[in-house]
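In case you want the letters, here they are:
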Amino acid sequence: MFLISVGTDLYGRKQNIKLEFPTCPTMTELINAVESQFDVMSRSSRPAGYPDTPFKVQTFQVYDDILLRWVDLYSSAQLTNGCQVFCFQPESIWHSDSQGIIPEAKDSVTWTTPVGSPRRARLATDAGVAPALSEKLRSVFYDIDHGNKGYILYSDLRTAFTKSDMDFTFATVGELFTVADSNRSGHITYDEWVRFAIKYPNVIDALFFRSRDMTGGSVHHGVSAASPQNYSYSGYTDPSSVQRARESQLRQYYTDSWQGSVERQRAATDYESAKREADSARLQKELAESKERRAWDKLYYSPSSPRY
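Residues numbered from 1 in each chain as written. Predicted model: local features only at pLDDT ≥ 70, side-chain atom pairs only at ≥ 80, totals over all residues. Heavy atoms only, no water.

### Examining the overall build of the protein
Tallying secondary structure elements over the protein gives seven helices and seven strands in all. N-terminal to C-terminal, the α/β element order of the protein is β-β-α-β-β-β-β-α-α-β-α-α-α-α. Of all 308 residues assigned to the protein, the portion counted as buried reaches 38%. For the protein, contacts bridging at least 24 residues in sequence account for 66% of all contacts bridging at least 6. About 17700 Å² of surface is accessible on the protein, with carbon and sulfur atoms providing 53% of the total. (Helix = DSSP H or I, 4+ residues; strand = E, 2+ residues; numbered from the N terminus. Buried < 20%, exposed > 50% of the residue type's maximum accessible area, 1.4 Å probe, protein only. Contact = heavy atoms within 4.5 Å. Areas by Shrake-Rupley, 256 points an atom, 1.4 Å probe, with all protein chains shown as cover.)

### Examining the layout of surface pockets
By volume, the largest pocket is sized at about 470 Å³. Taken together, 18 residues form the lining of the largest pocket, with Gln15, Met41, Ser44, Lys106 and Pro201 sitting closest to its centre. Breaking the lining of the largest pocket down by element, the ones donating at least two residues are strand E2 (13-21), helix H1 (27-45) and helix H6 (201-214). For the lining of the largest pocket, the class distribution of residues is five nonpolar, six polar and seven charged. (1 Å grid on protein atoms, 1.4 Å probe; cavity = no way out; pocket = protein on both sides within 12 Å on 5 of 7 lines; lining within 4 Å. Points joined across faces, edges and corners; volume = space filled by probe spheres on them. Nonpolar A, V, L, I, M, F, W, Y, C, P; charged D, E, K, R; others polar.)

### Focus: the sheet that holds strand E4 (residues 69-72)
In space, the five strands of this open sheet follow the order E2-E1-E5-E3-E4, with mixed pairing throughout. At either margin of the open sheet sits one strand with a lone partner, and together these are E2 and E4. Sheet twist, expressed as the average angle between the axes of neighbouring strands with direction ignored, equals 30 degrees. Summarising the sheet, strand E3 (residues 59-64) and E4 pair through four bridges and their orientation is antiparallel. Bridge assignment links aspartate 64 to a residue of E4, and that residue is arginine 69. With respect to the sheet, H1 is in contact with strand E1 (2-10), E2, E3 and strand E5 (83-88), its orientation differing from that of E2 by roughly 130 degrees. (Pairing = 2+ DSSP bridges. Axes fitted to C-alpha atoms, helices over the stretch in contact; angles between N-to-C directions.)

### Describing the nonpolar core
Buried together is how nonpolar side chains tend to be arranged in soluble globular proteins. Counting residues in hydrophobic clusters, the biggest one holds 28 residues, and the most contacted among them are Ile144, Leu157, Phe161, Phe168, Trp193, Phe196 and Leu207. Elements with a contribution of two residues or more to this core: helix H2 (133-144), helix H3 (154-163), helix H4 (173-180), helix H5 (190-199) and H6. Looking at which element gives the most residues to this core, the answer is H6, with six residues. Setting aside anything within four residues of it in sequence, one finds leucine 157 in contact with Ile144, Ile152, Val173, Phe177 and Trp193. The next biggest cluster of nonpolar side chains, apart from the first, holds 24 residues, and it includes Ile4, Phe38, Val62 and Val85. (Core = buried A, V, L, I, M, F, W, Y, C linked by side-chain atoms within 4.5 Å.)

### A short note on the packing of aromatic side chains
The final tally for this structure, using the stated rule, is twelve aromatic pairs. Here tyrosine 63 and tryptophan 70 contribute two aromatic rings whose centre-to-centre distance is 5.6 Å and whose plane-to-plane angle is 75 degrees, an arrangement assigned as edge-to-face. Looking at tryptophan 70, the relative accessible area reads 31%, which means it is partly exposed. For the pair phenylalanine 141 and tryptophan 193, a centre-to-centre distance of 6.4 Å together with 55 degrees between the ring planes defines the contact as tilted. Here the residue phenylalanine 141 occupies a position in helix H2, and tryptophan 193 occupies one in helix H5, the gap between them amounting to 52 residues. (Phe/Tyr/Trp six-rings, centres within 6.5 Å; stacked < 30°, edge-to-face > 60°.)

### Notes on unusual backbone geometry
The bulk of non-glycine residues show a negative phi, and the bulk of peptide bonds are trans. Residue asparagine 148 is not a glycine yet carries a positive backbone phi of 55 degrees. Tracing the backbone shows asparagine 148 in the loop between H2 and H3. Using a relative accessible area of 65% as the deciding quantity, one classes asparagine 148 as exposed. Phi is positive for arginine 184, close to 55 degrees, though the residue is something other than glycine. Along the chain, arginine 184 falls in the loop between H4 and H5. Relative accessible area serves as the criterion here: at 55%, arginine 184 is assigned to the exposed category.

### Quick notes on H2
Structurally, the α-helix is built with 3.6 residues per turn, so residues lying three or four positions apart point the same way. For H2, with twelve residues, the first-to-last C-alpha span of 16 Å sits near the 16 Å given by 1.5 Å per residue. Buried residues along H2 sit in contact with H1, H3, H5 and H6. (Expected span 1.5 Å × (residues − 1).)

### Some remarks on the packing of H2 against H5
At a minimum axis separation of 11 Å, H2 and H5 run at an interaxial angle of 125 degrees. Classified by the interaxial angle, the pair formed by H2 and H5 is oblique. The chirality of how H2 crosses H5 is right-handed. Facing Ser134, Leu137, Arg138, Val140, Phe141 and Ile144 of H2, the residues of H5 in contact are Tyr190, Trp193, Val194 and Ala197. In terms of residue class, the contact of H2 with H5 is made up of eight nonpolar, one polar and one charged. (Parallel < 35°, antiparallel > 145°, perpendicular 65-115°, else oblique. Left-handed = near helix turned anticlockwise from the far one by under 90°.)

Structure (structure tokens):
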């Protein structure tokens, strides 16, 4: 397992979560996971009156344990198991990054949703106030409980994750079901669901918002929301073309970031070299002045000098 702690600013508060990967992720995989996680957190914590905009990564920095400072992250080769990364969003009137202490990283279940997937869209209109936890718990539980049995089976949970287009990077649906089914009865009761939600609130938030989007007013009438291939909405474009455009944009961005980093490193090297030369010249000047003073003192205070 490869762990990365990722922090960011959400509405003036710093957040920090642990992301799990089977191996060191590529930059595209990292960006996809970060946007998938923080997009849901942003929706669940959005203050009243703020627009519901998707979470987007603009830049990354990683804390270098050797240099003991933050450096620009432009390659997955800079990532180490357990490293701390900070994600910056595009600046706007609704968002600005601020100085502050990054809290300890919280455990979370990591998933990704492909770029261009309809599940990343905003189909339901938010009132501007984050729903209460009790509302999300009941809504998701009864939505997953196929047939209104009063409990959730493994097949119900698997179907819900598939409909929501949530692809887990490390944990499996079976492992999550085992965690939720605390008494090993083979099904999840509402009380067990509440305890699972307390441990993994991001999973409940993701299922809640995506379930609400699938039943939002923008879904065409007569189309089954349970069939992802039939899902459509106004302005929908081919996911593959959107993903290719996004990957091209990311490649260009990291190429530019790498070139900028090389230029900054070259400028820093030139500065250090010029500083050493200046220090050496200043030392040589001080030594020459000291030698001149000693020679003058020797001449002025010698018995054969005009002073005597």
